[in-house]
Amino acid sequence: MRRLSRKKALSLVKELDAFPKVSESYVETSASGGTVSLIAFSAMALLAVLEFFVYRDTWMKYEYAVDKDFSSKLRINIDVTVAMKCQHVGADILDLAETMITSSGLQYEPVIFELTPQQRLWQRTLLLIQSRLREEHALQEVLYKTLLKGAPTALPPREDASVEPLTACRIHGHVYVNKVAGNLHITVGKPIHHPQGHAHIAAFVSHETYNFSHRIDHLSFGEEIPGIINPLDGTEKITYNNNQMFQYFITVVPTKLNTYKITADTHQFSVTERERVINHAAGSHGVSGIFVKYDTSSLMVTVSEQHMPLWQFLVRLCGIIGGIFSTTGKSAFTCNHI
Ligand SMILES: *[C@@H]1O[C@H](CO)[C@@H](O)[C@H](O)[C@H]1NC(C)=O
């Protein structure tokens, strides 16, 4: 094996070096040159740090596809308080095929309708976030990213011992329904199922006790994820009429969420509301109560959190360092000797 002497190898490498070099004798360090190099290094450090923040940042990518999953059940989470006694109201769900969905998953709890000051504050905050969400869509991304970090959106418990008469009814729980359009209704009387359909027994409830003022503390579809704020959460409707009909028309969009913290199958929804007084004499027919009509969208959204890959970060970093070197190099590391 033939070995090159060190000197020979060095000169060979020097010959291979294609980059133009300024001869050592022309190079002279100076104060101005030093300042430029200092600025160049600071700029490099600053840009590198900024670039690192860009690298650390994540963004949401939205993809749309047709939802092919028809067989699975849809979970509805409900927490509604109605200003009527529990023995006078009943909730149930009928779907498009008129199949009665057992509402046995729902609990009826006698409560006080009025919120305590602390609960009121909570509800106001929730409504404020709702209105901001409607205007500022980027806020949703922030919420997605901070999911599970945040506190649950459930109403905090009353801080006082309830002494007032419990004249309201909190209906809460969850039910599983088929993925077809359906109608959740809360009306007077307990639902009764018979082969021809179903009815509500309301014979013993006096008209004067009808009061469908209500508050929706939570209404969501799919898995319950703490931190997600649903469009109807915090909604409060007060009526001074005994025969009021409240309607909510909901379109549910299945949403797959993939963030660095969680992966979940959830459902977003959009809602339009309507309310009117039932007055048969004036031609406004119907049944007083709270009706939530829902339908699922055939489109599915996948929301995934994206991140700059490491190689891209390194390439950009090299670009910054190389760029500053080449633009400042001539003045920073050699001085002008013309
Ligand atoms: C229903 O209840 C609410 C809250 O307690 C009350 O403000 C409202 O006046 C009541 N409406 C009727 C028709 O009784």
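The shown structure was predicted, so the numbers you read here are calculated from the model rather than taken from an experiment.

### Things to note about the overall build of the protein
In terms of regular secondary structure, the protein is built from 5 helices and 15 strands. Out of the 338 residues in the protein, the part that is buried amounts to 38%. When the accessible surface of the protein is totalled, it reaches about 20500 Å², and 61% of it is carbon and sulfur.

### Observations regarding the environment of L139
Here L139 is to be found in helix α4 (residues 138–145). Residue L139 is classed as partly exposed on the basis of its relative accessible area of 29%. Separated by 10 residues in sequence, L139 and I129 place their C-alpha atoms 9.3 Å apart. Contact partners of L139, with chain neighbours within four places excluded, come to R132 and L133.

### Side note on the site of the ligand
The environment of the ligand is formed by A83, F113, E114, N211, S213, I238, T239, Y240, N241 and N242. One nitrogen or oxygen atom from the side chain of E114 is found 3.3 Å from an oxygen atom belonging to the ligand. Within the side chain of N211, an N or O atom sits 2.3 Å from an oxygen atom of the ligand. Looking at the shell around the ligand residue by residue, the class counts come to 4 nonpolar, 5 polar and 1 charged.

### Some words on the state of the cysteines
In total, this model carries 1 disulfide according to the counting rule given. Disulfide pairing places C86 opposite C169 at an S-S distance of 2.1 Å. Between C86 and C169, the S-S dihedral sits near 95 degrees, and the bridge is therefore right-handed. Of this pair, C86 sits in the loop between β2 (74–82) and β3 (89–95) while C169 sits in strand β6 (residues 168–177), placing them 83 residues apart in sequence. The residues C86 and C169 share a single accessibility class, namely buried.

Quick notes on the rules
- Residues numbered from 1 in each chain as written.
- Predicted model: local features only at pLDDT ≥ 70, side-chain atom pairs only at ≥ 80, totals over all residues.
- Heavy atoms only, no water.
- Helix = DSSP H or I, 4+ residues; strand = E, 2+ residues; numbered from the N terminus.
- Buried < 20%, exposed > 50% of the residue type's maximum accessible area, 1.4 Å probe, protein only.
- Areas by Shrake-Rupley, 256 points an atom, 1.4 Å probe, with all protein chains shown as cover.
- Contact = heavy atoms within 4.5 Å.
- Near = heavy atom within 4 Å.
- Polar contact = N/O pair within 3.5 Å; in protein donor to acceptor, adjacent residues only side chain to side chain.
- Nonpolar A, V, L, I, M, F, W, Y, C, P; charged D, E, K, R; others polar.
- Disulfide = S-S within 2.5 Å.

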